[in-house]
Amino acid sequence: MHKDFRKAVRSPVGKKAWIRFDDGFSVRECRLVDMSAGGVRIQVRAPYDVATQFSLLMTRNASPGRRCRVKWRQGLEIGAEFARQ
């Protein structure tokens, strides 16, 4: 049996979200797969085009968003931790 070593329980979400990069105003759509107090798992079309640090927006016009840092990439998914505020 696989043991789960996560520090926080993840809750499935399955809703649309957006990524904003540090270089400007453009946003990229993503799907929020699951979320915990410490981070998120998102699905994007081109995960290797996503910068190491970005802001996650729950609505397209949200500002400033939640700062995230990529921890892993696999297939079309990215695991990211929330940056300390």
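For the structure itself, look to the data block above.
The residue numbering used here restarts from 1 in each chain and proceeds along that chain's sequence as written. With the structure being a predicted model, the display of local features is reserved for residues of pLDDT at least 70 and the display and counting of side-chain atom pairs for 80 or more, all residues being used for whole-chain, interface and lining totals. Note: side-chain values were computed over all heavy atoms of the structure, leaving out hydrogens and water.

1. Section: the pattern of salt bridges
Phase 1: Whenever Lys or Arg places a side-chain nitrogen within 4 Å of a carboxyl oxygen from Asp or Glu, that contact is recorded as a salt bridge. All told, the structure shown has three salt bridges when counted by the stated rule.
Phase 2: Arg41 serves as the salt-bridge partner of Glu77, at 3.1 Å between the closest nitrogen and oxygen. Linking Glu77 in strand E6 (residues 77-82) with Arg41 in strand E3 (residues 39-43), this pair joins segments that are 36 residues apart in sequence.
Phase 3: Glu81 is the partner of Arg69 in a salt bridge, and the nearest nitrogen-oxygen pair spans 2.9 Å. Of this pair, Arg69 sits in strand E5 (residues 66-74) while Glu81 is found in strand E6, placing the two residues 12 residues apart along the sequence.
Phase 4: We classify Glu81 as partly exposed; its relative accessible area is 26%.
Phase 5: Where salt bridges share partners, they join Asp34, Arg41 and Glu77 into one cluster. Working definition: helices are DSSP H or I runs of at least four residues, strands are E runs of at least two. Numbering for both runs from the N terminus. In this scheme, a residue with accessible area under 20% of its type's maximum is buried, one over 50% is exposed, and one in between is partly exposed, where area comes from a 1.4 Å probe on protein chains only.

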